[in-house]
Amino acid sequence: MITVKTKKEIQRMSKACEIAALALKTAGEHCEVGITTLELDNIINKLIVSTGAKPSFLGYGGFPASACISINDEVIHGIPSKRKLSSGDIIGVDVGAYYDDFHGDNAYTFSVGEIDIEVDKLLDVTKKSLSEGIKMAVVGNRIGDISNAIQMCVEKNGFTIVEEYVGHGIGKKLHEMPQIPNFGLSGKGPRLIEGMTIAIEPMVNIGSRIVKVDKDNWTVRTSDGKFSAHFENTIAITADGPVILTKV
Amino acid sequence: MDILKGMVVRSIKGHDKERFYLVINIENDYVFISDGKTRRSEKPKKKNVKHLSKTNIFVDKTFIYTNKKIRQFLWRYNYVEEMSNLDE
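Details of the side chain of E176 of chain A
All names here are of chain A.
Phase 1 of the analysis: Along the chain, E176 turns up in strand β8 (residues 176–180).
Phase 2 of the analysis: A polar contact of 2.8 Å, which involves the side chain of E176, links it to the side chain of T3.
Phase 3 of the analysis: Within the local environment of E176, its side chain forms a polar contact with the backbone nitrogen of K172, the two atoms lying 3.1 Å apart.
Phase 4 of the analysis: Setting aside residues up to four positions removed in sequence, E176 forms contacts with T3, K5, H168, G169, I170 and G171.

In structure tokens, the structure reads:
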């Protein structure tokens, strides 16, 4: 069931989103050569807890950390570890915060030091595909319009879309209906109405779109070992157009 | 995250490789999957967990597992394959 939020509820939810965005921004400021992903997770945890919020992902389905941190060929759901970041790495950080009964969810792929030109293009295109998807998140459109905008942007640039993992509705629960695939046909799927809050999150690969899950049962990585990027924002559908709630 | 009832999964082994299905039952290491079409809900395909790829796509808790509902839900994930079959 798709839940529609009142303006007041969206206002409350925007606080959780701001905290998630602030945690992500702070993590980005620390993404430097030599830091471990576990240290980054601690920074994120401390920041979220200091605001009175809770990390949405900690314990969710048994996930053992506050943030999903995925390096290079890891697509999503990477578990923070003692692995140190090196120059040329890209690091996808996915952070959620739960505050005043609502969740906020966002992700960004940061680069560490000097990265390859193709990887740089991957980051640009994935980020652009997210903004193309957000542009279509207007009252009266359908989920398929968002999906199709993302797919077109990615495929015309020669990259591939991960199909197994999709965006989602968000609110009092971290994952609500509707699901928002990053591929699909325009004009299909549920219609967007005022008050819906959704998380749009394209996951884009340089090589094959096929992914596999590690033995830890969480980390999703590309099957060919090529790099993958992930960007995400929580959006409110309003009469005045899409509003990005995960903004600092 | 484990494979759960109501999760959409993707076949990664067998002649149906890459097709999306819905998990309608789980018994030990085997899951029973249906797409409401080639594998109908009354006779789901028994598949080893190792031959399936997980997703973060789920049906609602109130979902009724009829073939029509399953087909409708999976259409947007399987349509590329189904369209290419029509072209052949």
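Here's the deal with the packing of aromatic side chains
Phase 1 of the analysis: All told, the structure shown has 8 aromatic pairs over all chains when counted by the stated rule.
Phase 2 of the analysis: Between F20 of chain B and Y77 of chain B the ring centres are 5.6 Å apart and the planes differ by 50 degrees, which places this aromatic pair in the tilted class. In this pair, F20 of chain B sits in strand β2 (residues 20–27) while Y77 of chain B sits in helix α1 (residues 67–87), placing the two residues 57 residues apart along the sequence. Grouping residues by exposure puts F20 of chain B and Y77 of chain B together as buried.
Phase 3 of the analysis: On the basis of an interplanar angle of 85 degrees and a centroid distance of 5.2 Å, the ring pair of F63 of chain B and Y65 of chain B is categorised as edge-to-face.
Phase 4 of the analysis: Each residue in the set F183 of chain A together with F20, F63, Y65, F73 and Y77 of chain B is aromatic and connected to the rest through ring pairs, giving one cluster.
Phase 5 of the analysis: Positioned over the ring face of Y65 of chain B is K5 of chain B, at 5.1 Å from the centre of the ring.
Phase 6 of the analysis: Stacked on the ring of Y30 of chain B, the Lys or Arg K46 of chain B has its end atom at 4.6 Å from the ring centre.

What to know about the sheet that holds strand β14 (residues 233–238) of chain A
Residue and element names in this part refer to chain A.
Phase 1 of the analysis: Read across the open sheet, the 5 strands follow the order β8-β7-β9-β14-β15; overall the sheet is antiparallel. Strand pairing shows two members of the sheet lacking a second neighbour, β8 and β15 (241–244), which therefore form its edges. Mean inter-strand twist for the sheet, computed between neighbouring axes without regard to direction, equals 30 degrees.
Phase 2 of the analysis: Note: β14 against β15, 4 bridges, orientation antiparallel. When the bridges of β15 are listed, I237 appears paired with P242.

A look at the interface of chain A and chain B
Phase 1 of the analysis: At the interface, 20 residues of chain A touch 18 residues of chain B.
Phase 2 of the analysis: Together, E164, Q179 and N217 of chain A form the three largest contributors to the area buried by chain A at its contact with chain B, with a combined 29%.
Phase 3 of the analysis: The interface formed by chain A and chain B contains 3 salt bridges.
Phase 4 of the analysis: A salt bridge links E163 of chain A to R10 of chain B; the shortest N-O distance between them is 2.8 Å.

So, the sheet that holds strand β6 (residues 160–161) of chain A
Across a sheet, paired strands are connected by hydrogen bonds in the backbone, their directions being either parallel or antiparallel.
All names here are of chain A.
Phase 1 of the analysis: The antiparallel open sheet is built from 3 strands, whose spatial order is β6-β10-β13. The sheet is open, and its two edges are formed by β6 and β13 (228–230), each paired on a single side.
Phase 2 of the analysis: Across the sheet, helix α3 (residues 117–135) is in contact with β10 (203–205) and β13; its angle to β13 comes to roughly 35 degrees.

Some thoughts on the pattern of salt bridges
All names here are of chain A.
Phase 1 of the analysis: This model, assessed by the stated rule, comprises 17 salt bridges over all chains.
Phase 2 of the analysis: The salt bridge partner of K5 is E176, with a shortest N-O separation of 2.9 Å. With K5 in the segment before α1 (7–29) and E176 in strand β8, this residue pair connects regions lying 171 residues apart in the sequence. The burial state of K5 is the same as that of E176; both residues are buried.
Phase 3 of the analysis: With a closest N to O distance of 3.7 Å, R209 and E163 form a salt bridge. Here the residue R209 occupies a position in the loop between β10 and β11 (211–213), and E163 occupies one in the loop between β6 and β7 (167–169), the gap between them amounting to 46 residues.
Phase 4 of the analysis: Take E163: its relative accessible area is 13%, and that puts it in the buried class.
Phase 5 of the analysis: One salt-bridge network, held together by shared partners, links D73, E74, R83, D214 and R221.

Criteria and thresholds
- Residues numbered from 1 in each chain as written.
- Chains lettered and ligands numbered in written order.
- Predicted model: local features only at pLDDT ≥ 70, side-chain atom pairs only at ≥ 80, totals over all residues.
- Heavy atoms only, no water.
- Helix = DSSP H or I, 4+ residues; strand = E, 2+ residues; numbered from the N terminus.
- Polar contact = N/O pair within 3.5 Å; in protein donor to acceptor, adjacent residues only side chain to side chain.
- Contact = heavy atoms within 4.5 Å.
- Phe/Tyr/Trp six-rings, centres within 6.5 Å; stacked < 30°, edge-to-face > 60°.
- Buried < 20%, exposed > 50% of the residue type's maximum accessible area, 1.4 Å probe, protein only.
- Lys NZ or Arg CZ within 6 Å of the ring centre and 35° of its normal.
- Pairing = 2+ DSSP bridges.
- Axes fitted to C-alpha atoms, helices over the stretch in contact; angles between N-to-C directions.
- Buried area = accessible area lost by both parts, 1.4 Å probe.
- Salt bridge = Lys/Arg side-chain N within 4 Å of Asp/Glu carboxyl O.

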